[in-house]
Amino acid sequence: MSEAAHDRFVIRPGRMTLADMRRIFHNPVAMDLNPDCIPGIEAAARAVADFVARGETAYAVTTGFGKLADTRIEEDDILQLQINLLRSHAAGTGPLLDDDTVRLIVALKANGLARGFSGIAVEPITLLLRMVEAGVYPCVPSKGSVGASGDLAPLAHLVLPLIGEGQVRFNGDIMPAADGLKKAGLAPVTLGPKAGLALINGTQVSTALALKGLFAIEHVYAAALVAGAMTADAVKGSDTPFDDRIHALRGHRGQAEVARVYKTLLAGSGIRESHMDCDRVQDPYSIRCQPQVMGACLDQMRHAAGILEIEANAVSDNPLVFADSGEILSGGNFHAEPVAMVADNLAVAVAETGALSERRVALMMDSAMSELPPFLIKHSGLNSGFMIAQVTAAALASENKPLAHPASVDSLPTSANQEDHVSMATHAARRLGDMAENTAGIVAVELLCAAQGIDFRAPLSTSDTLAGVIADIRKHVPTLDNDREMAPDIQAVTEMVLGGAFTDAAAQLLPSMAAP
């Protein structure tokens with residue numbers, strides 16, 4: 001259900017942080033423009049008006065759009081052109097984006113427009129913000145953008161309600177935008193020259209979807225670190241591979257930091273103390289090489305987060321208005337290749353996080369390797385235990401593999417070959433949500449298995465930190481003494497993973513949560 005905003009956030013154009021974006025995504029905040037940005041917005045709008053008054057040519061202001069850029073628009077039709085752009089480009093399809101994502105898109109759109117290089121008046125930006133504050137969310141189909149020339153179709157759906165057209169969601173009901181605005185005490189605005197183009201041109205949908213994916217992946221990643229430490233203890237793995245000296249010699253920041261997290265999580269484990277002098281020389285890679293794999297994933301997440309923070313603060317429409325010189329320059333900041341590439345990096349990182357977790361689950365199924373009861377259950381044979389839960393984890397890990405194929409290497413020309421190379425950033429970003437959910441399911445299975453394995457080590461105990469994690473899991477899922485339906489258990493812990501229940505253990509590593 002659409003929610004009216006309760007908290008307030010001031011947009012300082014070009015200065016939005018990842019923490020700000022996370023806050024906007026997770027909370028129904030009301031947003032205001034910093035008053036300091038208003039003169040710059042107005043100056044660019046005046047520059048466009050002066051340009052039109054002089055009869056000069058500017059793309060999609062006094063000309064057609066895309067392949068029709070050589071078609072001159074008569075002065076009397078300039079304002080109609082902007083309305084037509086919104087109408088004609090609202091051609092999206094697929095499930096509607098959720099309100100949290102739409103709110104983040106609005107924030108990013110306002111952030112870019114308010115930098116004062118788009119030639120749009122203040123009123124359309126303000127109306128978008130007031131709509132969100134009132135809980136009037138534009139209905140935005142999730143499919144239809146190739147991530148170049150901006151996210152044209154979804155952004156057209158986002159802003160069509162500004163002129164009283166399209167559909168909105170208000171109090172959970174979908175209705176014509178004119179009705180939704182009226183119920184909220186709001187009114188449509190008149191678009192000035194270039195306003196329509198400024199509103200539909202930009203990378204904000206791709207960027208918001210990638211940020212949504214990043215935020216979910218952060219929760220999954222932190223849970224996977226906890227699960228990996230638990231599994232290491234459950235199978236009586238060594239903590240020697242987490243020694244700082246090993247990782248200092250390689251030099252990768254993420255690897256060294258992750259190793260310290262594992263060392264901290266396992267500190268004080270009675271299970272570890274019980275086998276300090278055992279005959280096992282080395283553990284399988286899924287235990288021993290966790291810092292190397294998960295550290296590499298963390299480094300990719302950080303890189304992606306940095307690029308997305310830059311893009312979220314960017315001016316990515318076209319053409320751009322430089323009020324100080326009176327110029328309108330046509331470029332290509334709408335091309336979302338940076339977003340597509342880092343979304344691909346995130347896809348690989350979350351797929352590898354899940355792949356490693358599934359291998360640890362498989363390890364615990366093998367009693368010869370784990371020295372635990374077969375399939376982690378008493379009376380195996382009569383009971384199958386976690387046998388099929390591991391199959392589910394394997395299925396989810398394999399589903400992630402084709403989803404991890406890079407979207408940014410794909411391109412199909414559009415607009416009669418005028419737009420002959422596109423980024424596919426919107427799809428690249430959108431699939432991250434599915435991949436995060438898949439990996440959350442894998443990690444949930446591992447958490448359940450590792451908790452069960454540690455239970456079997458009694459009277460030996462794990463570390464106090466991991467014992468607390470198991471206690472939290474046991475509030476939702478009891479120990480598996482005999483076979484029962486596993487789906488509710490997996491779902492309960494998956495929700496814990498996606499809800500951030502295990503994130504505190506690694507919050508300082510995560511890009512959108514780390515202290516500046």
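Residues numbered from 1 in each chain as written. Predicted model: local features only at pLDDT ≥ 70, side-chain atom pairs only at ≥ 80, totals over all residues. Heavy atoms only, no water.

J.: What exactly am I supposed to notice about the pairing of strand β7 (residues 173–176) here?
T.: A regular strand places its side chains so that they alternate between the two faces of the sheet. With four bridges connecting them, strand β6 (residues 167–170) and β7 associate as antiparallel partners. Looking at β7, one finds that phenylalanine 170 is bridged to aspartate 173. A loop of two residues connects β6 with β7, the two strands running antiparallel in sequence, and asparagine 171 in this loop sits at a positive phi of about 55 degrees. (Pairing = 2+ DSSP bridges. Helix = DSSP H or I, 4+ residues; strand = E, 2+ residues; numbered from the N terminus.)

J.: Please clarify how the sheet that holds strand β4 (residues 136–138) should be interpreted in this entry.
T.: In a beta sheet, neighbouring strands are held together by backbone hydrogen bonds and run either parallel or antiparallel to one another. One open sheet accounts for three strands, arranged β4-β6-β7; its pairing is antiparallel. The sheet is open, and its two borders are formed by β4 and β7, each paired with just one other strand. Neighbour to neighbour, the strand axes of the sheet diverge by 35 degrees on average, direction disregarded. Sheet contacts for helix α5 (residues 122–134): β4 and β6; angle to β4, the most-contacted strand, approximately 120 degrees. (Axes fitted to C-alpha atoms, helices over the stretch in contact; angles between N-to-C directions. Contact = heavy atoms within 4.5 Å.)

J.: I tried to follow helix α6 (residues 152–159) on my own but got confused; where do I start?
T.: For an α-helix, the turn length of 3.6 residues means that residues three or four places apart are oriented alike. For α6, the buried fraction is high: eight of the eight residues fall into the buried class. Buried within α6 are the following residues: Leu152, Ala153, Pro154, Leu155, Ala156, His157, Leu158 and Val159. (Buried < 20%, exposed > 50% of the residue type's maximum accessible area, 1.4 Å probe, protein only.)

J.: I would appreciate a short explanation of the layout of surface pockets in the present structure.
T.: Any empty space left between atoms is shown by rolling a water-sized probe over those atoms. Of the voids in this model, the largest pocket is the one considered here, and its volume is about 530 Å³. Only α1 (18–26), β3 (93–96), α9 (204–234) and α18 (425–456) provide two or more residues apiece to the lining of the largest pocket. (1 Å grid on protein atoms, 1.4 Å probe; cavity = no way out; pocket = protein on both sides within 12 Å on 5 of 7 lines; lining within 4 Å. Points joined across faces, edges and corners; volume = space filled by probe spheres on them.)

J.: Could you clarify how one ought to interpret the pairing of β6 in this entry?
T.: The pairing of β4 with β6 spans three bridges and is classified as antiparallel. Of the residues in β6, the one forming a bridge with proline 138 is valine 168.

J.: Got a minute to help me understand the environment of glutamate 437 in this structure?
T.: By the secondary structure assignment, glutamate 437 is in helix α18. Each C-alpha atom of the pair glutamate 437 and aspartate 481 lies 28 Å from the other, and the pair is 44 residues apart in sequence.

J.: What exactly am I supposed to notice about the nonpolar core here?
T.: As a rule of thumb, nonpolar side chains are buried together in soluble globular proteins. Judged by nonpolar contacts, the single largest core of 168 residues is most densely connected at Met31, Met230 and Leu447. With 20 residues, the single largest contributor to this core is α9. Ignoring anything within four residues of it in the chain, the contact list for methionine 31 reads Phe9, Ile11, Ile24, Arg103, Val106, Ala107, Leu129, Arg130 and Val132. (Core = buried A, V, L, I, M, F, W, Y, C linked by side-chain atoms within 4.5 Å.)

J.: Is there a simple way to think about unusual backbone geometry in this case?
T.: At the junction of asparagine 318 and proline 319, the peptide bond is cis and its omega measures out at -5 degrees in the coordinates. Along the chain, proline 319 turns up in the loop between α14 (290–312) and β8 (320–322). Omega for the peptide link from alanine 458 to proline 459 comes to 10 degrees, which places this bond in the cis form. With respect to the helices and strands, proline 459 occurs in the loop between α18 and α19 (464–474). At lysine 194, a position not held by glycine, the phi torsion is positive, near 80 degrees. With respect to the element layout, lysine 194 can be found in the loop between α7 (177–183) and α8 (195–200). Residue class for lysine 194 comes out buried when judged on its relative accessible area of 0%.

J.: Help me understand a nonpolar patch on the surface in this model?
T.: Together, Met387, Ile388 and Val391 make up a nonpolar patch on the protein surface, roughly 240 Å² of accessible area in all. Position of isoleucine 388 relative to the elements: it lies in helix α17 (residues 387–403). (Patch = residues over 30% accessible without salt bridge, like charges linked within 9 Å, V, L, I, M, F, W, Y side chains within 5 Å. Areas by Shrake-Rupley, 256 points an atom, 1.4 Å probe, with all protein chains shown as cover. Salt bridge = Lys/Arg side-chain N within 4 Å of Asp/Glu carboxyl O.)

J.: Help me out: how do you make sense of a negative patch on the surface in this one?
T.: A grouping of Glu74, Glu75, Asp76 and Asp77 is seen on the molecular surface, where their side chains present a negatively charged patch. One can find aspartate 76 in the loop between α2 (38–53) and α3 (78–89). Residue aspartate 76 is classed as exposed on the basis of its relative accessible area of 75%. (Lys, Arg positive; Asp, Glu negative; His and termini not counted. Charge placed at Lys NZ, Arg CZ, Asp CG, Glu CD.)

J.: Is there a simple way to think about the packing of α9 against α18 in this case?
T.: Angle between the axes and distance between the axes are the two parameters that describe a pair of packed helices. Relative orientation of the contacting elements α9 and α18 amounts to 15 degrees, with a least axis distance of 8 Å. Classified by the angle between their axes, α9 and α18 sit roughly parallel to one another. α9 and α18 meet at a crossing whose hand is left-handed. Class assignment for the residues of the contact of α9 with α18 results in 22 nonpolar, seven polar and three charged. (Parallel < 35°, antiparallel > 145°, perpendicular 65-115°, else oblique. Left-handed = near helix turned anticlockwise from the far one by under 90°. Nonpolar A, V, L, I, M, F, W, Y, C, P; charged D, E, K, R; others polar.)

J.: Which parts of the structure should I look at to understand the packing of aromatic side chains?
T.: Aromatic rings considered in pairs are described by the distance between their centres and by the relative angle of their planes. Within the structure shown, the criterion is met by three aromatic pairs. A ring pair is formed by phenylalanine 25 and phenylalanine 215, whose centres lie 5.9 Å apart and whose planes are at 50 degrees; its orientation type is tilted. Separated by 190 residues along the polypeptide, phenylalanine 25 in helix α1 and phenylalanine 215 in helix α9 bring together distant segments of the chain. Residue phenylalanine 25 shares its accessibility class with phenylalanine 215, and that shared class is buried. (Phe/Tyr/Trp six-rings, centres within 6.5 Å; stacked < 30°, edge-to-face > 60°.)

J.: Explain the side chain of glutamine 452 to me, please; I cannot follow it from the model alone.
T.: Along the chain, the position of glutamine 452 falls in helix α18. At a separation of 2.7 Å, a polar atom in the side chain of glutamine 452 contacts the main-chain carbonyl oxygen of leucine 480. Once residues within four sequence positions are removed from consideration, glutamine 452 is found in contact with Leu376, Ile377, Phe386, Arg474, Thr479 and Leu480. (Polar contact = N/O pair within 3.5 Å; in protein donor to acceptor, adjacent residues only side chain to side chain.)

J.: How do you make sense of the pattern of salt bridges when you look at a structure like this?
T.: Any two side chains of opposite charge can pair, so long as their charged atoms come close to each other. Evaluated as defined, the whole model comprises 22 salt bridges. Linked by salt bridges that have partners in common, Arg8, Asp32, Arg130 and Glu133 make up one network.

J.: Could you clarify how one ought to interpret α2 in this entry?
T.: Helix length check: α2 (16 residues) gives 23 Å between terminal C-alpha atoms against 22 Å at 1.5 Å per residue, within 8%. Packing partners of the buried residues in α2 comprise β2 (29–33), α3, α4 (99–113), α5, β8 and β9 (327–329). Residue glycine 55 follows α2 closely and has a positive phi angle near 75 degrees. (Expected span 1.5 Å × (residues − 1).)

J.: I'm lost on the packing of α18 against α19 in this one. Help?
T.: It is the contact of α18 with α19, at a shortest axis distance of 10 Å, that shows an interaxial angle of 115 degrees. The pairing of α18 with α19 is recorded here as roughly perpendicular in orientation. Handedness of the α18/α19 crossing: left-handed. Listed contacts from α19 to Leu447, Leu448, Ala451, Gln452, Ile454 and Asp455 of α18 are Ile470, Ile473 and Arg474. Taken together, the residues that form the contact of α18 with α19 break down as six nonpolar, one polar and two charged.

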